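# Observations on chain architecture
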Amino acid sequence: MKKILVSSFLVAALAVPMFAGDDTVVEEIIARVNNQIITRADLRRESEQVLDQLKQQDAATADQKFVQRQKDVLRDLIDQQLLVDKGADLGISADAELIKRLDEMRKQMNLASMDDLENEAKKQGVSFEDFKQNMKNQIITQRVISQEVGSHIQITKDEEQKFYDAHKSEMERPEQVRLSEILVPVDAEKDPNATAAQQKAEGIIAELKAGKKFDDVAKAESAGPTAKEQGGDLGYFKRGVLAKQLEDTVFPLKEGEYTEPIRTKQGFVIIKVTEHQQSGVPPLQQIEPKLQEAVYMEKLEPTLRTYLTKLREEAYIDVKPGYIDTAASPNETKPIYTTSADSEHAKSKLKKKKKFGII
């Protein structure tokens, strides 16, 4: 388990490009965003990450899709730095959230201390300081987007209905149940007739009938693999996936109902139906939160792009010839090469360059 999580640690470290924060430059600088730089190494790293993500989605079409996505990689790097800078202007701090996320990662990896987490990063060849800075940048950009863009997006009932009507075919779903379990194992040597296990399972049924919550009992009593972290949650199952005997037992149950103890190879299992979805298109009211999220995301992209254009026009951005920012605005501040002493416009831009420490 730890090996998989360490691999995820490495992926997360590469998910956000690293911007140089000091005066040491060991790579070709391809863009300046205010007083920060983007190097060719940043561009290469981000390109590799995009390709990896596309391969995970669909390996067969990844290379073809990458041709289209690659042209926007520099744009995305510039976008992020603009949002990080805006976060600094707004006084947004990510320190507390950063500590929380790192501690959650430590727990997931079953590590005793933050030093152990840092050592795991080193084993993977990842700079822990860079990793923390990247995660901090993610938190800041998310908060800026939420505060400056997302908070201004309004979703009407009419927009929900239109989205629902336009995407009904995508919402078609088969009948399925979401199940949770409490597993009481059988010790073949100490309890060859499974008497003790059966008595314990019947005792658990009594606890549930007395009003105890299923997930609380699962965390305390179940030997199932999802007991401690997920309260016994097993996820969704369509018809035809479960063993017929089990399917015939759980599918007639209503949401919230549970079975009597069922003897299996692992022991006695008590199954609860936490959700029962009927086949067909669900009513709008049933999936309204998901619809709102879908409409929000549909409106967020163009609104965010407008906001980022505004940030570009307020910033100093210099992209090296041969590289293209596909979201560049004609109103951006560009480098000034002039000997005219009477150009007020040039003086204004020169002051802006001094403000950001460019000269």
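Figured I'd write up the structure that's included with this text. (Residues numbered from 1 in each chain as written. Predicted model: local features only at pLDDT ≥ 70, side-chain atom pairs only at ≥ 80, totals over all residues. Heavy atoms only, no water.)

### What about the overall build of the chain?
- From N to C terminus, the chain includes 15 helices and 7 strands.
- Taken over 359 residues, the chain has a buried fraction of 40%.
- Contacts in the chain between residues at least 24 apart in sequence constitute 68% of all its contacts with a sequence separation of at least 6.
- Working note: accessible area of the chain is about 21400 Å², and carbon and sulfur atoms make up 49% of it. (Helix = DSSP H or I, 4+ residues; strand = E, 2+ residues; numbered from the N terminus. Buried < 20%, exposed > 50% of the residue type's maximum accessible area, 1.4 Å probe, protein only. Contact = heavy atoms within 4.5 Å. Areas by Shrake-Rupley, 256 points an atom, 1.4 Å probe, with all protein chains shown as cover.)

### Here we look at the side chain of Asn34
- Looking at the secondary structure, you find Asn34 in the loop between β1 (29-33) and β2 (36-39).
- At 2.7 Å, the side chain of Asn34 and the side chain of Asp85 are in polar contact. (Polar contact = N/O pair within 3.5 Å; in protein donor to acceptor, adjacent residues only side chain to side chain.)

### So, the sheet that holds β2
- Pairing is antiparallel in the open sheet, where 3 strands are placed in the order β2-β1-β7. In this open sheet, the two edge strands, each paired with only one partner strand, are β2 and β7 (317-319). Neighbour-to-neighbour, the strand axes of this sheet turn through a mean angle of 20°, independent of strand direction.
- Direction of pairing for β1 relative to β7: antiparallel, over a ladder of 3 bridges. The residue of β7 that forms the bridge with Val33 is Ile317.
- Its contacts with the sheet place helix α2 (residues 40-57) against β1 and β2, and it is angled at close to 60° to β2. (Pairing = 2+ DSSP bridges. Axes fitted to C-alpha atoms, helices over the stretch in contact; angles between N-to-C directions.)

### Here's the deal with the environment of Gln142
- For Gln142, the location among the structural elements is in helix α7 (residues 128-148).
- Considered as a pair, Gln142 and Gln80 are 62 residues apart in the sequence and their alpha carbons are 9.9 Å apart.
- One polar contact links Gln142 to Arg101, side chain to side chain, over a distance of 3.2 Å.

### Overview of the pairing of strand β6 (residues 267-277)
- Along β6, 8 of the 11 residues are buried, which leaves the element largely enclosed by surrounding structure.
- Across 10 bridges, strand β3 (residues 176-185) lies against β6 in antiparallel orientation. Bridging from a neighbouring strand, Ile182 pairs with Ile270 of β6.
- Of the pairings in the sheet, the one linking strand β5 (residues 262-263) to β6 comprises 2 bridges and is antiparallel in character. From the neighbouring strand, Arg263 faces β6, where its bridge partner is Phe268.
- Hairpin connection of β5 to β6: 3 residues between the antiparallel strands.

### Concerning the environment of Asp95
- Counting through the fold element by element, Asp95 comes out in helix α5 (residues 95-108).
- Between the C-alpha atom of Asp95 and that of Lys132, which follows or precedes it by 37 residues, the distance is 9.9 Å.
- Only 3.1 Å separates the side chain of Asp95 from the side chain of Lys136, close enough to count as a polar contact.

### Regarding the packing of aromatic side chains
- Under the definition given, this model contains 2 aromatic pairs.
- Ring geometry for Phe128 and Phe131: centres 6.3 Å apart, planes at 15°, overall stacked. Placement of the pair is Phe128 and Phe131 together in helix α7, with a separation of 3 residues, close to one helical turn. Note on accessibility: Phe128 and Phe131 belong to one class, buried.
- Seen in terms of ring centroids, Phe214 and Tyr258 are 6.5 Å apart; in terms of plane orientation they differ by 40°. Their pairing is tilted. Taken together, the positions of Phe214 in helix α11 (residues 214-221) and Tyr258 in the loop between α13 (244-250) and β5 put the pair 44 residues apart, joining distant regions of the chain.
- The ring of Phe268 has Arg263 lying over it, and the distance from NZ or CZ to the ring centre is 5.4 Å. (Phe/Tyr/Trp six-rings, centres within 6.5 Å; stacked < 30°, edge-to-face > 60°. Lys NZ or Arg CZ within 6 Å of the ring centre and 35° of its normal.)

### Some remarks on the sheet that holds strand β4 (residues 233-238)
- Pairing is antiparallel in the open sheet, where 4 strands are placed in the order β4-β3-β6-β5. Among the strands making up the open sheet, the edge pair consists of β4 and β5.
- Inspection of the sheet shows β3 paired to β4 by 5 bridges, in the antiparallel sense. In the sheet register, Ser180 faces β4, and the bridge partner there is Asp233.
- Seen against the sheet, α11 touches β3 and β6 and runs at an angle of roughly 35° to β3.

### A closer look at the environment of Glu202
- Mapped onto the elements, Glu202 comes out in helix α10 (residues 195-209).
- Note on Glu202: relative accessible area 43%, which makes it partly exposed.
- Considered as a pair, Glu202 and Glu260 are 58 residues apart in the sequence and their alpha carbons are 8.1 Å apart.

### Concerning the pattern of salt bridges
- The tally for this structure, following the rule as stated, stands at 28 salt bridges.
- The salt bridge involving Arg305 is made with Asp79; its shortest N-O contact spans 2.8 Å. Of this pair, Arg305 sits in helix α14 (residues 288-314) while Asp79 sits in helix α4 (residues 73-89), and the two are 226 residues apart along the sequence.
- Arg305 gets classed as partly exposed once you look at its relative accessible area, which sits at 25%.
- Look at Asp79 and you get buried, because its relative accessible area is 6%.
- Across the salt bridge formed by Glu159 and Lys299, the nearest N and O atoms sit 3.1 Å from each other. Within this pair, whereas Glu159 is found in helix α8 (residues 157-166), its partner Lys299 is found in helix α14, the two being separated by 140 residues in sequence.
- For Glu159, a relative accessible area of 26% translates into the label partly exposed.
- For Lys299, a relative accessible area of 25% translates into the label partly exposed.
- Ionic contacts of the salt-bridge type, sharing partners, join the residues Asp79, Arg305, Arg312, Asp325 and Glu332 into one network. (Salt bridge = Lys/Arg side-chain N within 4 Å of Asp/Glu carboxyl O.)

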